[in-house]
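# What the coordinates show
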Amino acid sequence: MSTVALKEKQETAKKPEVVKEITGAEAVIQSLLAEGVETIFGYPGGAIMPVYDALYHQLNHIHHILTRHEQGSIHAAQGYARTSGKVGVVFATSGPGATNSVTGLADAMIDSTPIVCITGQVVASLLGTDAFQETDVINVTNPVTKWNIQVTRAEDIPAAIAKAFYIAKSGRPGPVLIDITKDAQFGKVAYHYEKCGQIKTHHPKPKLNMAEVEAAAQLINSAKKPYLMVGQGVILSGATEEFRAFAEKSGIPVASTLLGLSAFPADHPLYVGFLGMHGNYACNHQINQCDVLIAVGLRFDDRITGDLKKYAKQARIVHIELDKAEINKNVKAAVSVHADAREALKALIEKTDKREHAEWMKEFKKLRHDEYEKIIKKDWHPQSGKIKMGEVIHILSDKTKGDAVVVTDVGQHQMVVSRYFDFKHPRTNVTSGGLGTMGFGLPAAMGAKLGTPHKEVIAVMGDGGFQMTLQELGTISENNIGIKMIVLNNHFLGMVRQWQQLFFDKRYSFTDISGPDLVKLADAYGIPAQRVKEHKDIAGAIDTMLKHKGPFLLEVEVEKEENVFPMVPAGAGVSDMILELPE
């Protein structure tokens with residue numbers, strides 16, 4: 001290299017890198033682009049307006065969905081995250097915009113859904129003065145987020161967003177919130193973005209302890225009646241193939257939690273059903289018959305354990321779980337494997353013996369036959385009377401071959417879908433589990449469809465939950481979001497009514513609910529709709545719905561006082577299931 005060329009190179013190296021100065025609001029959008037964000041759900045307002053102004057110039061790169069309510073925004077982001085595996089992103093303004101998002105944050109927190117919620121805030125000088133639309137959103141959301149932060153300076157925005165995305169998706173996923181004051185959005189920043197790869201005080205994935213794996217394998221290999229439970233942690237860790245390989249090698253019967261549905265194919269010979277208060281009879285009964293109970297990626301919540309004093313007392317429990325706080329919290333484990341489910345299962349497969357448990361499986365099949373004769377057959381093939389919810393879901397599952405993404409609201413229909421829809425592929429079950437949020441279904445289905453546009457997405461709702469967020473029909477219509485909507489209409493808040501019938505001497509206190517003409521309502525939004533009242537019309541109506549290219553609403557008038565059985569009564573053990581109405 002010549003002396004002149006060398007000197008020029010040295011002078012160039014001395015020049016500082018030119019960093020473009022932009023507004024804090026522009027830094028928000030540029031940081032989201034750097035994280036690969038393609039879709040945002042939100043609702044503008046005064047305190048978030050600078051960010052929306054910056055977004056206006058990037059609409060070729062980011063798709064924004066204007067929902068009709070902030071609760072719709074955050075539930076849509078949840079549906080998007082649950083089906084796509086990406087982080088859901090939400091914008092909301094200060095005050096009511098932020099507080100309207102709290103329910104969705106709480107839902108995402110308990111169901112481990114990665115969300116980044118960005119809220120606007122009043123200018124920093126007005127904080128604490130009860131200014132117009134000021135709410136202390138940090139303290140309000142602290143219990144329902146993995147992490148939250150208030151940003152008052154433009155230069156702190158990129159690092160806050162980078163950290164937020166890392167925390168939301170690392171370890172056990174969950175929601176985070178960034179509250180940005182309006183002056184920070186207007187302020188200038190020499191923009192530079194670095195993705196966050198680690199935080200010194202945050203250790204999302206523990207190192208696999210092989211001694212724990214070997215202890216678990218020893219218990220499993222010696223078991224006479226082993227039982228395997230799959231939770232959502234298997235889906236979140238991307239471990240569905242490893243879980244299947246482990247089940248097939250060990251020959252252990254598999255049951256699923258509510259959020260674990262779709263982690264293991266429903267048509268697999270080892271699948272024995274759905275656990276919980278309205279789960280399958282064999283699943284719940286055999287919990288108290290097994291000798292080793294292996295739980296992978298679940299938290300032993302009260303809806304699957306019933307009375308803990310009566311839960312699996314004869315069994316030695318192996319608990320594989322990423323979140324250490326969940327280990328020994330509700331159920332004492334004989335062996336705990338504190339690890340990522342995928343890593344633990346990979347190691348466990350190598351240590352597990354190839355076995356079959358034919359006689360043990362026969363016990364499940366016998367109990368399944370009993371449930372079929374007493375409950376399932378009547379639900380699927382009613383001989384007379386009104387349409388039953390199980391009849392509709394059985395036909396829907398058959399028509400879609402279990403391949404559709406099914407999003408449910410909360411109530412009786414949710415339990416019926418969990419019992420009778422044959423989920424076969426991961427991330428095809430989207431529901432509100434831990435919080436049980438009515439109104440979740442419709443907006444979550446919008447997000448689920450945008451997260452997986454190539455899949456058929458079907459929202460199954462009751463008339464009560466549907467009416468909580470039905471304004472999102474406007475969002476669906478405006479954006480031509482091609483979801484299919486089934487409203488199982490019994491003109492009751494069905495789940496509460498069932499409890500009132502069984503435990504409150506039929507005192508139906510404010511559970512009889514009226515509603516609009518849903519076909520006319522859908523028509524007002526330009527959405528085709530159909531109403532079904534007769535058994536003979538169900539299959540044809542579902543065919544019509546599935547063949548339609550855009551959004552479609554199907555209202556099915558179902559039995560007004562139908563109950564969902566089996567049922568574990570409150571305070572009872574999982575073996576104390578009610579199979580039918582008491583005499």
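Residues numbered from 1 in each chain as written. Predicted model: local features only at pLDDT ≥ 70, side-chain atom pairs only at ≥ 80, totals over all residues. Heavy atoms only, no water.

## Description of the layout of surface pockets
Definition in use: With a 1 Å grid laid over protein atoms only, a set of points is called a cavity when a 1.4 Å probe fits there but cannot get out and a pocket when it is open yet has protein on both sides within 12 Å along at least five of seven lines; lining residues have an atom within 4 Å of a point. Grid points are joined across faces, edges and corners, and a volume is the space filled by probe spheres set on the points. In this description a helix means any DSSP run of H or I spanning at least four residues, a strand means any run of E spanning at least two, and both kinds are numbered starting from the N terminus. In the scheme used here, Gly and all other residues not listed as nonpolar or charged are polar, with Ala, Val, Leu, Ile, Met, Phe, Trp, Tyr, Cys and Pro taken as nonpolar and Asp, Glu, Lys and Arg as charged.
Here the second largest pocket is characterised by a volume of approximately 370 Å³. What lines the second largest pocket is a set of 21 residues, and nearest its centre among them are Ala266, Tyr271, Val272, Gly273 and Arg368. Secondary-structure elements contributing two or more residues to the lining of the second largest pocket are strand S11 (271-274), helix H16 (358-380) and helix H18 (412-420). In terms of residue count, the dominant contributor to the lining of the second largest pocket is H16 (5 residues). Taken together, the residues that form the lining of the second largest pocket break down as 12 nonpolar, 4 polar and 5 charged.

## Thoughts on H16
To keep it simple, the criterion reads: For a helix, the expected span equals 1.5 Å multiplied by the number of residues minus one. We define the bend at each residue as the angle formed by axes fitted to the 7 residues ending at it and the 7 residues starting at it. Here the term buried applies to any residue with accessible area under 20% of the maximum for its type, exposed to any over 50%, and partly exposed to those in between, with areas from a 1.4 Å probe on protein chains only. Contacts between residues were defined by any pair of non-hydrogen atoms, one from each residue, lying within 4.5 Å.
Look at H16: only 28 Å from first C-alpha to last across 23 residues, short of the 33 Å you get at 1.5 Å a residue. Tyr372 marks where H16 bends most, by close to 55 degrees. For H16, the set of buried residues is Trp360, Met361, Phe364, Leu367, Glu371, Ile375, Ile376, Asp379 and Trp380. Contacts made by the buried residues of H16 are with strand S9 (226-230), S11, helix H13 (281-287), helix H17 (389-400) and H18.

## Quick word on the packing of aromatic side chains
Put simply, the rule is: Aromatic rings from Phe, Tyr and Trp, with only the six-membered ring used for Trp, were paired whenever their centres fell within 6.5 Å, and each pair was classed as stacked if the ring planes differed by under 30 degrees, edge-to-face if by over 60, and tilted otherwise.
Enumeration according to the criterion identifies 13 aromatic pairs in this entry. Judged by centre distance (6.0 Å) and plane angle (65 degrees), the rings of Phe41 and Tyr80 are edge-to-face. With a gap of 39 residues between them, Phe41 in strand S2 (residues 39-42) and Tyr80 in helix H4 (residues 70-84) connect regions that are remote in the sequence. Across the pair, exposure class does not vary: Phe41 and Tyr80 are buried alike. Ring centres of Trp360 and Phe364 lie 5.0 Å apart, and the angle between their planes is 75 degrees; on these two criteria the pair is classed as edge-to-face.

## With respect to the sheet that holds strand S16 (residues 429-430)
Here is the rule we go by: Pairing between two strands is assigned when DSSP locates at least 2 bridges connecting them.
Read from one edge to the other, the open sheet built from 6 strands follows the order S16-S15-S17-S18-S20-S19, with strand pairing classed as parallel. Across the chains shown, the open sheet's two edge strands, defined by having one partner strand only, are S16 and strand S19 (529-532).

## Focus: the environment of Asp403
Selection rule: Polar contacts here mean pairs of N or O atoms no more than 3.5 Å apart (in protein, one a potential hydrogen donor and the other a potential acceptor; neighbouring residues in sequence count only if both atoms are side-chain atoms).
With respect to the helices, strands and loops of the structure, Asp403 is situated in the loop between H17 and strand S15 (405-408). Residue Asp403 is classed as partly exposed on the basis of its relative accessible area of 34%. Linking Asp403 and Lys424, residues 21 residues apart in sequence, is a C-alpha distance of 6.4 Å. In this structure Asp403 touches His425, Thr428 and Lys455, once residues within four positions along its chain are discounted. Within the local environment of Asp403, its side chain forms a polar contact with the side chain of His425, the two groups lying 2.9 Å apart.

## Regarding the side chain of Ser256
Inspection of the secondary structure assignment puts Ser256 in strand S10 (residues 254-256). Exposure remark for Ser256: the relative accessible area of 2% places this residue in the buried category. There is a polar contact of 3.3 Å between the side chain of Ser256 and the backbone oxygen of Gly260. For Ser256, the side chain forms a polar contact with the main-chain nitrogen of Leu261, separated by 2.9 Å. Once residues lying within four places of it in the same chain are set aside, the contact partners of Ser256 are Val230, Leu261, Tyr271, Gly273, Phe274 and Leu275.

## Notes on H4
Residue pairs spaced three or four apart in an α-helix point in one direction, given the helix's 3.6 residues per turn. Over its 15 residues, H4 extends 21 Å from the first C-alpha to the last, a length consistent with the 21 Å expected when each residue adds 1.5 Å. Here H4 lies mainly inside the structure; 14 of its 15 residues are buried. A positive backbone phi angle near 80 degrees is found at Gly85, which sits one or two residues after H4.

## Brief notes about the nonpolar core
Note the cut-off: Residue types Ala, Val, Leu, Ile, Met, Phe, Trp, Tyr and Cys, when buried and joined through side-chain atoms within 4.5 Å, form a set referred to as a nonpolar core.
Membership of the largest hydrophobic core comes to 105 residues, with the highest contact counts inside it found for Tyr227 and Leu293. Broken down by element, this core gets its largest block of residues, 7 residues, from H16. Formed by 43 residues, the second largest nonpolar core is a distinct cluster that contains Val137, Val144, Ile476 and Leu521.

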